[in-house]
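Take a look at the letters that make up each chain.
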Amino acid sequence: MCMAGNLRDNINYDKIAEMESFKQLTKKKNSFLWTLTVIFLSAYLLLPILTSFTEILHQKAVGEITWVWFYSAGLFIMTWGLAHLYVAKANSFDKEAKAIIEEYERGVR
């Protein structure tokens with residue numbers, strides 16, 4: 001078996017967790033995920049609040065269609081957009097994680 005394969009079998013995850021680069025990645029990732037979560041939940045929870053306690057979305061926008069339909073459609077668009085953003089950002093986090101593993105492997109040798 002090659003050395004790289006052998007190293008991957010014996011990774012000291014506690015040592016990686018102590019690395020500054022790993023801590024920075026974790027902080028960046030958590031910040032991104034919490035921001036996305038707050039945006040998503042705020043937009044979704046605002047719909048029942050606006051429809052139950054205000055008349056703003058009940059007003060006609062185009063013909064007999066009220067603003068609630070546009071807001072609801074916007075939620076679908078937002079969900080797809082946030083999912084696309086998440087996938088793109090997750091790919092960059094994966095590249096950083098791979099670089100951290102490589103940094104760890106260089107330090108082990």
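Before reading on, note that the structure itself is shown above.
The structure displayed is predicted, hence computed values, not measured ones.

Caption draft 1: Just the pattern of salt bridges, in detail. A full pass over the atoms with the stated rule returns two salt bridges. When the shortest N-O distance is used, the salt bridge between K28 and E96 registers 2.9 Å. Here K28 is found in helix 3 (residues 20-53), whereas its partner E96 is found in helix 4 (residues 67-108), with 68 residues between them in sequence. Overall, the relative accessible area of 40% leaves K28 in the partly exposed class. The residue K60 makes a salt bridge to E64 at a minimum N-O spacing of 3.1 Å. The same class applies to K60 as to E64, namely exposed.

Caption draft 2: View of the side chain of T66. Relative to the helices and strands, T66 is located in strand 2 (residues 65-66). Its relative accessible area of 16% is what places T66 among the buried residues. The residues touching T66, leaving out its near neighbours within four places in the chain, are L57, H58, Q59, K60 and A61.

The rules behind these values
- Residues numbered from 1 in each chain as written.
- Predicted model: local features only at pLDDT ≥ 70, side-chain atom pairs only at ≥ 80, totals over all residues.
- Heavy atoms only, no water.
- Salt bridge = Lys/Arg side-chain N within 4 Å of Asp/Glu carboxyl O.
- Helix = DSSP H or I, 4+ residues; strand = E, 2+ residues; numbered from the N terminus.
- Buried < 20%, exposed > 50% of the residue type's maximum accessible area, 1.4 Å probe, protein only.
- Contact = heavy atoms within 4.5 Å.

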